[in-house]
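Listed below, chain by chain, are the residues.
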Amino acid sequence: MPTGRAIEDPRTVLLHAGRRLLVSDGPGALTSRSVAVASGVAKGVLHRHFEDFDAYLAALVTADAARIGLIEPRVAGSAPDAVTDVLEQVFTPVTVGLVALVISRDGVRRRARRTGAFGIPLLMDATAVVVDVLAAGRDVGWIRRDADVAALALALVGSAHLLYAGDRGAFPDHTALHEVVAAILAGSS
């Protein structure tokens, strides 16, 4: 006689639980057991829906990469305003925790990386969005026509990641991020 309870979409329930754990307890607390407990399901449910725990983590990363890909950069105000806005949308507590996992777990990084892509998943997705906003900004005169938007985007995303990757939950305020963005972009206008 079955003793468990049926859940409508186990994958979604498990992924939501992982996101909650990343925010509340950080990436170090994310285990198959903690996800099962937070989901209210038996540990075997996770392994029934994901090949292994790295596959589960890669699914979290892939979903967050899709979210980042949907960010629509606004081309209003100044370049530092627009880029700061994008970076604040990219670097959520979940994303920062997932980046730590992607950096530390080769299997997750390999599974989450799109075919033909390079670099660290999520950070490279963020870089693509920043390239888009800088390219649009170049078209409206924010930055010089000969500015290397790809190199600027890498510098901006890398710098933002360093600001966000400090103590868990201690994100930089808007002004601190804006100042860094403005300093990086100063030579390109």
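Summarised in this report is the structure supplied together with it. (Residues numbered from 1 in each chain as written. Predicted model: local features only at pLDDT ≥ 70, side-chain atom pairs only at ≥ 80, totals over all residues. Heavy atoms only, no water.)

What follows concerns the overall build of the protein chain. Secondary structure assignment for the protein chain yields ten helices and zero strands. Across the protein chain, helices and strands are ordered from the amino to the carboxyl terminus as α-α-α-α-α-α-α-α-α-α. Among the 189 residues that make up the protein chain, the fraction classed as buried is 42%. Sequence separation of 24 or more characterises 66% of the internal contacts of the protein chain that already satisfy a separation of 6 or more. About 9600 Å² of surface is accessible on the protein chain, with carbon and sulfur atoms providing 56% of the total. Each charge class in the protein chain was averaged separately, 19 positive and 20 negative side chains, and the resulting centres sit 9 Å apart. (Helix = DSSP H or I, 4+ residues; strand = E, 2+ residues; numbered from the N terminus. Buried < 20%, exposed > 50% of the residue type's maximum accessible area, 1.4 Å probe, protein only. Contact = heavy atoms within 4.5 Å. Areas by Shrake-Rupley, 256 points an atom, 1.4 Å probe, with all protein chains shown as cover. Lys, Arg positive; Asp, Glu negative; His and termini not counted. Charge placed at Lys NZ, Arg CZ, Asp CG, Glu CD.)

Quick look at the side chain of Thr84 now. Looking at the element boundaries, Thr84 is found in helix H5 (residues 79-90). With sequence-adjacent residues up to four places away left out, Thr84 is seen in contact with His174, Leu177, His178 and Val181.

So, about the packing of aromatic side chains. Applying the stated criterion across every chain, the model contains four aromatic pairs. Ring geometry for Phe53 and Tyr56: centres 5.5 Å apart, planes at 20°, overall stacked. Note that Phe53 and Tyr56 are positioned in helix H4 (residues 53-69) at a spacing of three residues, about one turn of the helix. Here the two residues Phe53 and Tyr56 agree in accessibility, since each one is buried. One aromatic cluster in this structure is built from Phe50, Phe53 and Tyr56. (Phe/Tyr/Trp six-rings, centres within 6.5 Å; stacked < 30°, edge-to-face > 60°.)

Our next topic: the packing of helix H8 (residues 123-139) against helix H9 (residues 149-164). Orientation of H8 relative to H9, taken along the N-to-C sense of each, is 130°, at an axis distance of 8 Å. Here H9 runs oblique to H8, going by the angle between their axes. In this structure, H8 meets H9 at a crossing whose hand is right-handed. In this structure, H8 contributes Leu123, Met124, Ala126, Thr127, Val130, Val131, Leu134, Ala135 and Arg138 to the contact, and H9 contributes Val149, Ala150, Leu152, Ala153, Leu154, Leu156, Val157 and His161. Split into classes, the residues belonging to the contact of H8 with H9 amount to 14 nonpolar, two polar and one charged. (Axes fitted to C-alpha atoms, helices over the stretch in contact; angles between N-to-C directions. Parallel < 35°, antiparallel > 145°, perpendicular 65-115°, else oblique. Left-handed = near helix turned anticlockwise from the far one by under 90°. Nonpolar A, V, L, I, M, F, W, Y, C, P; charged D, E, K, R; others polar.)

As enumerated under the stated definition, the model contains eight salt bridges in all. Asp54 is the salt-bridge partner of Arg105, the closest N and O atoms lying 2.5 Å from each other. Of the two residues, Arg105 is situated in the loop between helix H6 (93-104) and helix H7 (106-112) and Asp54 in helix H4; the sequence distance between them amounts to 51 residues. The buried category is assigned to Asp54, whose relative accessible area is 18%. (Salt bridge = Lys/Arg side-chain N within 4 Å of Asp/Glu carboxyl O.)

Along the chain, the position of Ala165 falls in the loop between H9 and helix H10 (174-185). Measuring from C-alpha to C-alpha, the distance between Ala165 and Val96 comes to 6.5 Å, with 69 residues separating the pair along the chain.

By the secondary structure assignment, Asp125 is in helix H8. Of the residues examined, Asp125 reaches a relative accessible area of 9% and is grouped as buried. Setting aside residues up to four positions removed in sequence, Asp125 forms contacts with Ala65, Ile68 and Arg114.

Packing of H5 against H9 brings their axes to within 11 Å, and their N-to-C directions diverge by 50°. Here H5 is positioned oblique relative to H9, judged by the angle of their axes. Considering only the axes of H5 and H9, their crossing is right-handed. On H9, the residues that touch Val83, Leu87 and Glu88 of H5 are Leu156, Val157, Ala160 and Tyr164. Classifying every residue of the contact of H5 with H9 by side-chain character gives six nonpolar, no polar and one charged.

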